[in-house]
Amino acid sequence: MDRPDLTDAISRLRRASPLIHNITNYVVMNTTANALLAIGASPAMVHAEEEVAEFVPLAGALVVNIGTLSPSWLSAMDRAAGAAAEAGVPWVLDPVAVGATPYRTAAAVSLSRRRPAVIRGNASEILALAGDPEAVPKGPDSTSDSSAAREAARRLARDLETVVAVTGEVDYVTDGARMVAIANGHRLLTRVTGMGCTATALVGAFLGAGLSAYEAATAGLAALGVAAEAAALRASGPGSFQVALMDALHGLDDEALARRARLS
Amino acid sequence: MDRPDLTDAISRLRRASPLIHNITNYVVMNTTANALLAIGASPAMVHAEEEVAEFVPLAGALVVNIGTLSPSWLSAMDRAAGAAAEAGVPWVLDPVAVGATPYRTAAAVSLSRRRPAVIRGNASEILALAGDPEAVPKGPDSTSDSSAAREAARRLARDLETVVAVTGEVDYVTDGARMVAIANGHRLLTRVTGMGCTATALVGAFLGAGLSAYEAATAGLAALGVAAEAAALRASGPGSFQVALMDALHGLDDEALARRARLS
Amino acid sequence: MDRPDLTDAISRLRRASPLIHNITNYVVMNTTANALLAIGASPAMVHAEEEVAEFVPLAGALVVNIGTLSPSWLSAMDRAAGAAAEAGVPWVLDPVAVGATPYRTAAAVSLSRRRPAVIRGNASEILALAGDPEAVPKGPDSTSDSSAAREAARRLARDLETVVAVTGEVDYVTDGARMVAIANGHRLLTRVTGMGCTATALVGAFLGAGLSAYEAATAGLAALGVAAEAAALRASGPGSFQVALMDALHGLDDEALARRARLS
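What counts and how
- Residues numbered from 1 in each chain as written.
- Chains lettered and ligands numbered in written order.
- Predicted model: local features only at pLDDT ≥ 70, side-chain atom pairs only at ≥ 80, totals over all residues.
- Heavy atoms only, no water.
- Helix = DSSP H or I, 4+ residues; strand = E, 2+ residues; numbered from the N terminus.
- Rg over C-alpha atoms; globule rule 2.2 N^0.38 Å.
- Buried < 20%, exposed > 50% of the residue type's maximum accessible area, 1.4 Å probe, protein only.
- Contact = heavy atoms within 4.5 Å.
- Areas by Shrake-Rupley, 256 points an atom, 1.4 Å probe, with all protein chains shown as cover.
- Lys, Arg positive; Asp, Glu negative; His and termini not counted.
- Charge placed at Lys NZ, Arg CZ, Asp CG, Glu CD.
- Buried area = accessible area lost by both parts, 1.4 Å probe.
- Salt bridge = Lys/Arg side-chain N within 4 Å of Asp/Glu carboxyl O.
- Polar contact = N/O pair within 3.5 Å; in protein donor to acceptor, adjacent residues only side chain to side chain.
- Nonpolar A, V, L, I, M, F, W, Y, C, P; charged D, E, K, R; others polar.
- Least-squares fit on C-alpha atoms with pLDDT ≥ 70 in both.
- Phe/Tyr/Trp six-rings, centres within 6.5 Å; stacked < 30°, edge-to-face > 60°.
- Lys NZ or Arg CZ within 6 Å of the ring centre and 35° of its normal.
- Pairing = 2+ DSSP bridges.
- Right-handed = clockwise from strand over helix to strand, strands pointing away.
- pLDDT = per-residue confidence, 0-100.
- Axes fitted to C-alpha atoms, helices over the stretch in contact; angles between N-to-C directions.
- Parallel < 35°, antiparallel > 145°, perpendicular 65-115°, else oblique.

A count of helical and extended segments in chain A gives 11 helices and 8 strands. Since a compact globule built from 264 residues should have a radius of gyration of about 18 Å, the 16 Å found for chain A is in line with a globular shape. The principal-axis extents of the C-alpha atoms in chain A amount to approximately 40 × 40 × 40 Å. Here chain A holds 264 residues, and 65% of them are scored as buried. Of all intrachain contacts in chain A linking residues separated by at least 6 positions in sequence, the fraction that spans at least 24 positions is 70%. A total of about 8,400 Å² of accessible surface is found on chain A, and carbon and sulfur atoms cover 49% of it. Placing the 22 positive and 27 negative side-chain charges of chain A at their respective mean positions leaves the two points 4 Å apart.

Take a look at the structure:
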C-alpha cells in the first residue's frame, strides 16, 4: 500500500505546533512563514552562520531553500545540515532552479548529499538534480510535466536514500520503492510566486510534527492542493487566490484533508 | 495618571508624514513598510553600512529589528544607533527571538544599551533581555504570558532609562515608573507573521511624529490593536485578516482610536 | 506621433512569457514577482555575483533596482549589466532614492551609464539622477510633482541615449526626442510599498516580450495605471487595493488596455 495514512496529520501538527527553522529565499520568507502559521506551525527564519548551528536543535524540522543563493547563505545551509544530522532534526531541501547555473547546480547537488529527509522540486529541478540531460531549466518555473520526472525522482530517492517529491499538475512522492500521486491543486498556484516553496515549507511542518518523511511529503503537498482548490472557489485572480489560500490552510482539518485529497 | 493622552496622535502622524528609517528583517520588510504607509508615515528600508549614518539624520525615527541577523547588518545597526544619538533621532529596538542563541542575545543586549527610546518585545523576549532565568525562547513566538514579563519590563525600563513595551494578549508599556495596559487586539494577530514587528514599526511612526516615547509606544500598540479588532470583523482567516488590517490602519482616525482603545 | 502602438502588447507578452531576471530590493521581491506572474511573465530573483553573469543570457530582460543596496549586490548589478550588454538582453534601471546619500547616488549614476534600455524613477529620483539642484530626496517617496521632472527626463534620455520614465500623478516617457504622457493610476498606489518598483518590473516584462524600449516603458506604466483604476473600484483601503491590483493585472487584455489607457 503506497498511500500513507494521513488520518490525523493536521491535528497532530496543530497539537505539536512545531518550531520550523527556515533558511529560505528572500522572495518567499514572508509568505512561507504565513503558510506555516496558517497550518499551525511556528516559523523562524534564521540564516547567520554565527547562530544556525545553535538554532537547529531548538526546531522540530529544518527547511533549506536555495532560491536566492549566495556564499554566506550556502555556508549557513551546510552548517545547518550538519547540525540537523547531529541533533536528529529532519530537514527538507528545495533545490530552486537547480540546473540554471553551474553555481546553483553545485550547491543543490552538494546539499542533496547531506541526507535531507525530503527533497521537493518541480519536474525541471528534479530532472536536473538527477543529472538528466533533458532537464531544461527556465528560472524557478518548470518547463517539463511532472510525470516526465517520475522515474528520475524514484532513482534519485533510491540513490540518496531520501524521499523525493515532484510537484506539478499532479504531484508525485516516492521513497524509491513506494510512489503516491496527489491529484489536487489549481492552475492559479502557478500564477503566485513561491507556491513550490510553500509546498516545501508545509512538508517541513509535517516533518516537525513527527510524521515520517513519506507521510510528511504527502501530507504537505495534499494540504496545499486541497487548500488551493478551496481558495480558487473564492478567488477572482492570483491576488485574491493567495489571500484565500492562507485562510483555507488555516481552516483545513483532518476530515477535509481525508475527504478531498486525491491520492493514488 | 499613567494613561498618556492620545487625542490627536493619528492626526499628528498624518500631518507630519515622517520618514521612518527601518533596519529590519527580511521577513517583514514589505509588510511593515505597508503598515507604515497605511498609518500615514513614509518608510525607507536602508541597511548598508556605507550609507546608514547618512540616512538616519533624514529620518523622523529609526526602527531597528534583529529578526534576520547577520554580522554586516549588526554593524549597520550599531552605526545607525550612533548616528541617531548624534542627530537626536529617536529609535525603537525590536529584539526578535533574543535568548534563542548566544549570538542573538549578545546583539540584543548590546543594542539595548545604545539608548533606544523604546524597546518592544513579547514576554519571552523581554524576560530574556532582562536576564530572567525563566525565559524560554521558542523562535520569534512567545512561550510566556505578557503579564509574566511586566515586572521585568519595569526593571529593564528603569535600568536602561528607556520605555519598554511588552506585547501579548494584553500589552504593557512602562517607563520604569508609570505603566499602562492596552487590552486591544485579536488572536489572529498570532497567526500572521511579523505582527510584533509591525507593532514596533508603528511605535517608530509615532516617535517620528514627535510623540514622547511613552506616548508613542502606547499609541503604536493601541493603533494596531484597534485596527486588528476592526479587521477581524471582516476576516475569514489569517490571509483576509492581514488585508483587512492594512485597510483598517489606513482608515483609523483620532476619534476611533480614542473611542476604542482600552487603556488602564 | 509620440504615442506608441500598444495594440497587441499584452497578448505578445502572454505568448512570449519571458523569463525576467530581477536583481531587486528585499522589500518588493515578493510583490514584483507576483506582478510579473500576474501580467504573464516568468520572474527569477537571482543576485549572487557567482551566477548572475550566467543567468542573464537565459532571460528576456533584466531588472536592476537599487532599493536595498549593499556592496555585494552592487557588484552583482554591475556584472549583470555587463552580461546583458554582451548577450543583447535589454535591461531597466530603478534608481530608488538616488540623491538620499552619496553612496546611493554614486551607485545610481554609475549604473545609469551602463546603457540601460529604460530608467524608471519618480520625480525626485529623476531630478537627482540628472544632477538637478532642486532634487529634494525623502527616502523612496517623491517630494516633487512628475511634471517638474519632465525636462530633466528628456535631457537625461538624450545624454544617456536611453528611455526615461518619470512616474507620478501623470507619468511621462521620453526617449529624448518623443514624449508621451500617461494619465492613469490612482492615489492608493502611493499607499502601497513598491508600486514604483512594480512599474519598473512591468516595463521589464514588456522589454522581455520584444517591445522597443519606448513602447515597453509606456506599456508597463499604462498597464499598471489601468489595473490600478480597476483595483480601486474594489478596494476599501491599501490592503484590499494591493490584492485587487494583482487580480486586475492578471485580468488585463489588449482590448482593455487600448480602451482605458489615457496617452497623450
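Following the structure, the description resumes.
Bringing the interface of chain A and chain B into the picture now. Of the residues lining the interface, 29 residues belong to chain A; the matching set on chain B comes to 30 residues. Taken over both partners, the interface formed by chain A and chain B buries close to 2,300 Å², and the fraction arising from carbon and sulfur atoms is 58%. It is A:N30, A:L37 and A:E51 in chain A that bury the most area against chain B; as a group they hold 22% of the surface buried on that side. Salt-bridge contacts for B:R104 lead to A:E51; the nearest nitrogen and oxygen are separated by 2.5 Å. Linking chain A with chain B are 10 residue pairs in polar contact (both at pLDDT 80 or more). Every element with two or more residues in the side of chain A that touches chain B is listed here: helix 2 (29–39), strand 2 (42–45), helix 3 (52–55) and helix 10 (238–251) of chain A. Among the elements that make up the side of chain A that touches chain B, the one with the highest residue count is helix 2 of chain A (6 residues). Looking at the side of chain A that touches chain B residue by residue, the classes come out as 17 nonpolar, 7 polar and 5 charged.

Below, the discussion takes up the relation of the copies chain B and chain C. Turning chain B through 120° and shifting it by 0.0 Å along the axis lays it on chain C, with an RMSD of 0.0 Å. One copy is carried onto the other by what is essentially a three-fold rotation axis. Relative to the rotation axis, the closest C-alpha in chain B is found at B:Y26, a distance of 3.8 Å. Of the residues that chain B buries at the interface, just 7% are likewise interface residues in chain C, meaning the two copies contact each other through different surfaces.

On to the packing of aromatic side chains, then. Taken as a whole and assessed by the stated rule, the structure comprises 9 aromatic pairs over all chains. When the centroid spacing of 6.1 Å and the interplanar angle of 50° are considered together, the rings of A:Y26 and C:W73 count as tilted. Highlighted residues: A:Y26 in the loop between strand 1 (19–23) and helix 2 and C:W73 in helix 4 (residues 71–87), drawn from two different chains. Both residues of the pair, A:Y26 and C:W73, count as buried. Look at B:Y26 and B:W73: their rings are 5.1 Å apart centre to centre, the planes differ by 75°, and that puts the pair in the edge-to-face class. Taken as a pair, B:Y26 in the loop between strand 1 (19–23) and helix 2 (29–39) and B:W73 in helix 4 (residues 71–87) lie far apart in primary sequence, 47 residues in all. Each member of the aromatic cluster is reached from another via a ring pair, and the members are A:Y26, A:W73, B:Y26, B:W73, C:Y26 and C:W73. We note A:R178 situated over the ring of A:Y214; from NZ or CZ to the ring centre the distance is 4.0 Å.

With that settled, consider the relation of the copies chain A and chain B. Between chain A and chain B, the superposition needs a rotation of 120° and an axial shift of 0.0 Å, giving an RMSD of 0.0 Å. The two copies present different faces, since only 7% of the interface residues in chain A are matched by interface residues at the equivalent positions in chain B.

Position of A:N34 relative to the elements: it lies in helix 2. A residue is classified by how much of its surface remains accessible, and A:N34, at 7% relative accessible area, is buried. Within the structure, the side chain of A:N34 is placed 3.4 Å from the side chain of B:Q242, a separation counted as a polar contact. Leaving out residues up to four positions away in the same chain, A:N34 has contacts with A:M246, B:R191, B:V192, B:T193 and B:Q242.

Listed as interface residues are 29 residues of chain B and, on the opposing side, 30 residues of chain C. On the chain B side of the interface with chain C, the three residues burying the most area are B:N30, B:L37 and B:E51, jointly 22% of the side's total. For the pair chain B and chain C, the number of links is 1 salt bridge. Counting across the chain B and chain C interface gives 11 residue pairs in polar contact (both at pLDDT 80 or more).

A regular strand places its side chains so that they alternate between the two faces of the sheet. Residues and elements named next belong to chain B. Within strand 3 (residues 61–65), 5 of the 5 residues are buried, leaving the element largely enclosed by the surrounding structure. Alternating residues of strand 3 divide into A61, V63 and N65 and L62 and V64, and every residue in both groups is buried. As judged from the 4 bridges shared by strand 3 and strand 4 (residues 91–94), these two strands associate in the parallel manner. By the bridge assignment, V64 is partnered in strand 4 with L93. Handedness of the β-α-β unit built from strand 3, helix 4 and strand 4 comes out right-handed.

Glancing now at the confidence of the model for chain A. Per-chain confidence: chain A averages 96 in pLDDT, with 98% of residues scoring 70 or above. In the predicted assembly, ipTM is 0.95 and pTM is 0.96.

Bringing the sheet that holds strand 1 (residues 19–23) of chain C into the picture now. Residues and elements named next belong to chain C. Strand order in the open sheet formed by 8 strands is 2-1-3-4-5-6-7-8, with mixed pairing between adjacent strands. The sheet is open, and its two edges are formed by strand 2 (42–45) and strand 8 (179–182), each paired on a single side. When the angles between neighbouring strand axes are averaged without regard to direction, this sheet yields 20°. Of the strand pairs in this sheet, strand 5 (residues 118–122) and strand 6 (residues 163–167) are connected by 5 bridges, and their pairing is parallel. Each bridged residue has a counterpart across the sheet, and for G121 the counterpart in strand 6 is V166. Contacts between helix 2 (residues 29–39) and the sheet are confined to strand 1 and strand 2, with strand 2 contributing the most and set at about 160° to the helix.

All names here are of chain A. Spatial strand order, 2-1-3-4-5-6-7-8: 8 strands in an open sheet with mixed pairing. Both outer strands of the open sheet, strand 2 and strand 8 (179–182), are each paired with one neighbouring strand and no more. For this sheet the average axis-to-axis angle between neighbouring strands, irrespective of direction, equals 20°. Here helix 5 (residues 102–112) sits on the sheet in contact with strand 3 (61–65), strand 4 (91–94) and strand 5 (118–122), set at roughly 160° to strand 4. Across the face of the sheet, helix 8 (residues 195–208) comes into contact with strand 1, strand 3, strand 4 and strand 5 while running at roughly 170° to strand 4.

Helix 10 (residues 238–251) of chain C packs onto helix 10 of chain A with a crossing angle of 135° between their chain directions and a minimal axis gap of 6 Å. Relative to helix 10 of chain C, the element helix 10 of chain A is oriented oblique. Only C:V243, C:M246, C:D247 and C:H250 of helix 10 of chain C make contact with helix 10 of chain A, whose side of the interface consists of A:P238, A:G239, A:S240 and A:V243. Residue composition of the contact of helix 10 of chain A with helix 10 of chain C, grouped by class: 4 nonpolar, 3 polar and 1 charged.

Here we take up the side chain of B:N25. Residue and element names in this part refer to chain B. Inspection of the secondary structure assignment puts N25 in the loop between strand 1 and helix 2. Accessibility expressed as a relative area gives 4% for N25, which makes it buried. Within the structure, N25 has its side chain in polar contact with the backbone nitrogen of V28 (distance 3.1 Å). For N25, the side chain forms a polar contact with the side chain of N65, separated by 2.9 Å. Discounting residues that sit within four places of it in the chain, N25 has contacts with N65, G67, T68 and C197.

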